[in-house]
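Overview (structure and organization)
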Amino acid sequence: MFQSKRINKMECSPIRKLAEFEAIAKKKGVEVIHLNIGQPDVATPVSMLDAVRKFDGTVLKYADSRGLPSTVDTFIKYYSKIGIDFEARDMVVTNGGSEALLFAFIATCDIGDEIIVPAPYYSNYNSFADIANVKFNPVLSTLEEDYKLPSAADLEKAITDKTKAILFSNPCNPTGAVYTHEELMEVLNLAKKHDLYVISDEVYREYVYDGLKPMSIYDLNYETDRIILIDSLSKRYSACGARVGIIASKNRELMDNVLKLGQSRLSIPTLEQVMASSILEVPEEYIVETQKLYERRRNAVIDALSKVEGVKCSNPRGAFYIMVRLPVKDSDHFAKWILSDFDYEGKTVMVAPAAKFYGIEDYGLNEVRLSYCLDEAVLVNAVNILEKALIEYKKIYE
Ligand SMILES: Cc1ncc(COP(=O)(O)O)c(C=O)c1O
């Protein structure tokens, strides 16, 4: 039976596409350590789980399309605590940051319009762009420069008459880069010059290291109606399965339009919003301790990687990912091989090949993204396995 060109054209997520090779490893009884996906092992705050357990409604009704009033109210208070002044009309609660991104693309771009994005970028952006029929114009950032935001001049070169927005995640998945006020100000000025939206994906906002303070693009107090904020509970509260995110903007016309998209899918799940309504009860220490934990893990993984011959990595300062250049020609092939043909003491590792994070032909072919949201000892062991695998792989293929 025929299928649409658009679905055939859509790529599998590089984060999940190795599932069939993982199945081969598992069939052989090999334990797979997941460095390919940002699924934290940290416990979700008990108060959030309790909020769901205590739910005593008799009917699980649809929620409002904007979000349960108690959830929207909670988010208004959450943002107020971090210095952002939103009202209910400024936001729509979404099915994760994922749906927020899709809504942002659909609301700002017509079919064939373009979005500029520093590369490498979160690879699922590609899927949302495919669904919305939007074209990405990636602008390269490099490992050598710790993936700092490309200059305004470089970003400007990528602007065409179809460009509608500049998109980035800050802290950045997959690079761990944390952009400075100055860099962001340049982007905002550029956006103003060319009348573009700025889509700031801040789902890792609290997880920054080396003494950096969590920040939002709203901290810059810039003319605000061209900014679209993407946010999510997934990583902040280790609640990826809750599927609760937010799209917010001070641009009322835009948000009225975004609400139409919200109405088309009626609402997001009610119980998860009950959970979201309890985030203000999460003790401050939860975030503080989780932040410290990730910082220790980052240090451990960088330390372990620095001892592996031929490997190069940047110095991520936020989120929980690291881009790693491997001494191989084709990281996609290596990532499959390490699952299907290799184990060390009954274990192997799953990594995310980096090419699809670049979206630029022939870039990232020898790089992988590792996620470090696992126990320190597991991470160090995983890097050890990676090292053994690289030696073995070199003997066979190089
Ligand atoms: C940068 C970034 N944005 C958005 C998302 C989407 O997250 P969710 O849909 O779970 O909120 C992710 C998930 O990994 C991400 O890394």
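For the structure itself, consult the block above.
Quick look at the structure, then. As the structure is a computational prediction, the values presented were derived from the model and not from experiment.

**Topic: the overall build of the protein chain**
A count of helices and strands for the protein chain gives 14 helices and 13 strands. Relative to the 2.2 N^0.38 estimate, which gives 21 Å for 398 residues, the radius of gyration of the protein chain is 21 Å and therefore close to what a compact globule would have. Over its C-alpha atoms, taken along the principal directions, the protein chain stretches across nearly 60 × 55 × 55 Å. Counting only contacts in the protein chain whose residues sit at least 6 apart along the sequence, the fraction spanning at least 24 positions is 77%. A total accessible area of about 17,500 Å² is found for the protein chain, and carbon and sulfur atoms account for 52% of it. Seen as two clouds, the 48 positive and the 58 negative side-chain charges of the protein chain have centres 2 Å apart.

**What to know about the pattern of salt bridges**
Throughout the structure, instances matching the rule amount to 30 salt bridges. With its nearest N and O atoms 2.7 Å apart, the salt bridge here joins Lys-26 to Glu-22. In this pair, Lys-26 and Glu-22 are both assigned in helix 2 (residues 19-27), four residues apart and thus about one turn of the helix distant. Overall, Lys-26 belongs to the partly exposed group, its relative accessible area being 46%. The salt bridge partner of Asp-303 is Lys-307, with a shortest N-O separation of 3.1 Å. With a relative accessible area of 40%, Asp-303 lands in the partly exposed category. Look at the salt bridges and you will find they share partners, linking Glu-202, Arg-205, Glu-206, Asp-231 and Arg-236 into a network.

**Regarding empty space enclosed by the protein**
Counted according to the given criterion, the structure contains three cavities of 30 Å³ or more. Reported here for the largest cavity is a volume of approximately 50 Å³. Residue lining of the largest cavity: 10 residues in total, with Glu-11, Cys-12, Ser-123, Asn-126 and Ser-127 positioned closest to the centre. The dominant element in the lining of the largest cavity, judged by the number of residues it contributes, is helix 6 (residues 124-132), at three residues. Of the residues that constitute the lining of the largest cavity, the class distribution is three nonpolar, four polar and three charged. Split by domain, the lining of the largest cavity shows at least three residues from each of two domains, domain 1 (5-43 + 284-397) and domain 2 (46-281).

**Observations concerning the site of the ligand**
The local shell around the ligand holds 14 residues, among which Gly-97, Ser-98, Asp-201, Tyr-204 and Ser-232 are the closest. With respect to the ligand, the side chain of Arg-243 contributes an N or O atom lying 2.7 Å from an oxygen atom. Contact with the protein chains covers 94% of the free accessible surface of the ligand, which is 390 Å². Sorting elements by how many residues they give to the shell around the ligand places helix 5 (residues 96-108) first, with four residues. Of the residues assigned to the shell around the ligand, the class counts are four nonpolar, seven polar and three charged.

**Some details on the sheet that holds strand 7 (residues 227-232)**
Strand order in the open sheet formed by seven strands is 2-8-7-6-5-3-4, and the pairing between neighbours is mixed. Bordering the open sheet on either side are strand 2 (91-95) and strand 4 (135-140), each of which pairs with just one other strand. On average, each strand axis in the sheet is inclined to that of its neighbour by 25 degrees, with strand direction left out of account. Summarising the sheet, strand 5 (residues 163-169) and strand 6 (residues 197-201) pair through five bridges and their orientation is parallel. Note that in strand 6 the partner of Ser-169 across the bridge is Asp-201. Contacts from helix 9 (residues 252-264) reach strand 2, strand 6, strand 7 and strand 8 (244-248) within the one sheet, and its direction differs from that of strand 2 by about 35 degrees.

**A look at the state of the cysteines**
Counted by the stated rule, this structure contains zero disulfides. Of all cysteine sulfurs, the one in Cys-172 lies closest to Cys-109, which takes part in no disulfide; the gap is 19 Å.

**Quick word on the pairing of strand 13 (residues 367-371)**
Counting buried positions along strand 13 gives five out of five residues, so the element sits mostly inside the fold. As paired strands, strand 12 (residues 352-353) and strand 13 are joined by two bridges and run antiparallel to one another. Opposite Ala-352, over in strand 13, you have Arg-369 as the bridge partner.

So, how was this worked out
- Residues numbered from 1 in each chain as written.
- Predicted model: local features only at pLDDT ≥ 70, side-chain atom pairs only at ≥ 80, totals over all residues.
- Heavy atoms only, no water.
- Helix = DSSP H or I, 4+ residues; strand = E, 2+ residues; numbered from the N terminus.
- Rg over C-alpha atoms; globule rule 2.2 N^0.38 Å.
- Contact = heavy atoms within 4.5 Å.
- Areas by Shrake-Rupley, 256 points an atom, 1.4 Å probe, with all protein chains shown as cover.
- Lys, Arg positive; Asp, Glu negative; His and termini not counted.
- Charge placed at Lys NZ, Arg CZ, Asp CG, Glu CD.
- Salt bridge = Lys/Arg side-chain N within 4 Å of Asp/Glu carboxyl O.
- Buried < 20%, exposed > 50% of the residue type's maximum accessible area, 1.4 Å probe, protein only.
- 1 Å grid on protein atoms, 1.4 Å probe; cavity = no way out; pocket = protein on both sides within 12 Å on 5 of 7 lines; lining within 4 Å.
- Points joined across faces, edges and corners; volume = space filled by probe spheres on them.
- Nonpolar A, V, L, I, M, F, W, Y, C, P; charged D, E, K, R; others polar.
- Domains from an automatic or database assignment.
- Near = heavy atom within 4 Å.
- Polar contact = N/O pair within 3.5 Å; in protein donor to acceptor, adjacent residues only side chain to side chain.
- Pairing = 2+ DSSP bridges.
- Axes fitted to C-alpha atoms, helices over the stretch in contact; angles between N-to-C directions.
- Disulfide = S-S within 2.5 Å.

All we've got here are geometric facts, nothing functional implied.
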